[in-house]
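Each chain, written out:
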Amino acid sequence: KKMLTRRLLTRLQSSIVSGLRCVTRFSTSVQTADIGITNGTIVNSDRKFVGNVYIKDGQIVSVVDKSDDAICLSSRKGITNPCASDWPAKRMIDAEHKMVMPGGLDPHTHLQLPFMGTCAIDDFEYGSRAALCGGTTCHIDFVIPAKDQSLLDAYHTWRSWADTHTHMDYAFHGGITHWDESVHKDMGILVNEYGVTSFKLFLAYEGLFMLNDRDIIAVMKRAKELGAMVLCHAENGYLITDAQQRIFEEFGIAGPEGHQLSRPPEFEAEATHRAMVIANYVNTPLYVVHVQSVDAARMIQLARQKGYNVFGENVAACFADGSQLWNTEFDTAAGYVMSPPIAVDARHNQQEMINMIASGTISTIGTDNCTFTTEQKKRLGFDDFRKIPNGVNGIEDRMSV
């Protein structure tokens, strides 16, 4: 009976320690922590329980389970001190009736992005502040060069924006907006010298960011050589351009509803399938960003069942109400413009996406935070939905969503 209890305690300790990412040092002597968070509901991936967390030198050194078992879980495997006393701490925070959990990581943001004739209003200072207020402690932004800009130069530009203004940890994905030998070389430099391990390509935004299939194959092959992950924005850019022209010029629709009409779920699903087929052919992993439609999610589900090495990402805005794009007030409708568009049938889409997350088809939830003011959207796109800057918020709200 004692042996069984010891095994259970060891297993419990391992799961909680891994969830809170404790450090690998522990002393049985009484020490003083810098911060003690007491009486909070500690939330890990496996369970939640009432307890205390003690932090020293910026790292978790002890987690005390205050439930009936009263187990102190240290950061070293095999050490459990039943009914251990609490640590003294220089600063105590009473977290009763509050949840205590590891800080969130937003894998998809666009702070200070120059885009569609303007610039995203959230820079690295305000965007990082908002993230921290919402419980996100690290984010991954995108270096997206202009067509005539080198990938390496763009990286240094983004670093100059971020390093002097951010309040939190961050990393970068590289963006591939054209393909030639200089990009091939710069990808290697970013991986080997600057620690960039992922690159995004676009199947949408014809004439701006979009790559053709031949270039997509080349990017994926280069990423495979470097051991880097390929991310993709999956929408059929050629079909979107044609649909936008028809809706605006032939049908006379200029409002934000035209954005949704010109980007049906089938366009996202087709591009998602095409990107997965190419990645599977090259034999390299693929991460599909901001999966918005159930059609596209089902493509990923089917591919994963076949053994494709593909991952899907939702964004917080996926759970908003896309029918607002049909709101008669331009300011309200334009605020919902992003790509791929938010689904009109919100209730059905949300439940299906929740099921996809629960089943593992969707692996992560980001935000695609790329915010523009009402004035920016109105000034540029009031008479033409094709010119409304695409992007919504979410960096502060993701954890609560």
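Participant: An account of the sheet that holds strand β14 (residues 229-233) is needed here, citing residue identities and associated values.
Facilitator: Adjacent strands of a sheet form backbone hydrogen bonds with each other and so pair up, either parallel or antiparallel. Read across the open sheet, the 8 strands follow the order β8-β11-β12-β13-β14-β15-β16-β17; overall the sheet is parallel. The sheet is open, and its two edges are formed by β8 (104-109) and β17 (362-366), each paired on a single side. Taken pair by pair, the neighbouring strands of this sheet meet at an average axis angle of 30 degrees, ignoring direction. Two strands pair when backbone bridges link them, and β8 and strand β11 (residues 136-143) are joined in this way by 4 bridges, in the parallel orientation. Its bridge partner being in β11, threonine 109 is matched across the sheet by aspartate 141. With respect to the sheet, helix α8 (residues 265-282) is in contact with β14, β15 (286-288) and β16 (310-315), its orientation differing from that of β15 by roughly 170 degrees. Sheet contacts for helix α9 (residues 294-306): β15, β16 and β17; angle to β16, the most-contacted strand, approximately 155 degrees.

Participant: Can you break down the packing of helix α5 (residues 213-226) against α8 residue by residue, with the values?
Facilitator: In the contact formed by α5 and α8, the axes pass within 10 Å of each other and the chain directions differ by 45 degrees. In terms of axis orientation, α5 runs oblique to α8. Here the hand of the crossing between α5 and α8 comes out right-handed. Contacts from Asp213, Ile216, Ile217, Met220, Lys221 and Lys224 of α5 reach α8 at Arg274, Ala275, Ile278, Ala279 and Val282. In the contact of α5 with α8, the residues fall into 7 nonpolar, no polar and 4 charged.

Participant: Please give an account of the nonpolar core that cites residues and values.
Facilitator: Judged by nonpolar contacts, the single largest core of 71 residues is most densely connected at Met187, Phe199 and Leu286. Ignoring sequence-local partners within four residues, the contact set of leucine 286 consists of Met220, Met229, Val230, Cys232, Ala275, Met276, Ala279, Asn309, Val310 and Phe311. In terms of nonpolar packing, the next biggest core, distinct from the first, is built from 9 residues, Ile37, Ile42, Val53 and Val63 among them.

Participant: Explain the pattern of salt bridges to me, using residue names and the numbers behind them.
Facilitator: Taken as a whole, this structure holds 12 salt bridges when the rule is applied. The residue arginine 274 makes a salt bridge to glutamate 270 at a minimum N-O spacing of 2.9 Å. Separated by 4 residues within a single helix, arginine 274 and glutamate 270 lie in helix α8, roughly one turn from each other. Given the relative accessible area of 29%, glutamate 270 is considered partly exposed. Through salt bridges with shared partners, a single ionic network connects Asp213, Glu270 and Arg274.

Participant: How would you sum up the pairing of β11? Please name residues and give values.
Facilitator: Counted residue by residue, β11 has 7 buried out of 8 residues, so it is predominantly covered. Of the pairings in the sheet, the one linking β11 to strand β12 (residues 169-176) comprises 6 bridges and is parallel in character. Across the sheet, aspartate 141 pairs through a bridge with phenylalanine 172, a residue of β12. Once the chain exits β11 it traverses helix α3 (residues 151-163) before rejoining the sheet at β12, and the crossover so formed is right-handed.

Participant: So what about the state of the cysteines? Which residues, and what values?
Facilitator: Scanning all chains against the criterion turns up 0 disulfides. Here cysteine 119 is not cross-linked by a disulfide; its sulfur's nearest cysteine counterpart is in cysteine 370, at 8.5 Å.

How each quantity is defined
Residues numbered from 1 in each chain as written. Predicted model: local features only at pLDDT ≥ 70, side-chain atom pairs only at ≥ 80, totals over all residues. Heavy atoms only, no water. Pairing = 2+ DSSP bridges. Helix = DSSP H or I, 4+ residues; strand = E, 2+ residues; numbered from the N terminus. Axes fitted to C-alpha atoms, helices over the stretch in contact; angles between N-to-C directions. Contact = heavy atoms within 4.5 Å. Parallel < 35°, antiparallel > 145°, perpendicular 65-115°, else oblique. Left-handed = near helix turned anticlockwise from the far one by under 90°. Nonpolar A, V, L, I, M, F, W, Y, C, P; charged D, E, K, R; others polar. Core = buried A, V, L, I, M, F, W, Y, C linked by side-chain atoms within 4.5 Å. Buried < 20%, exposed > 50% of the residue type's maximum accessible area, 1.4 Å probe, protein only. Salt bridge = Lys/Arg side-chain N within 4 Å of Asp/Glu carboxyl O. Right-handed = clockwise from strand over helix to strand, strands pointing away. Disulfide = S-S within 2.5 Å.

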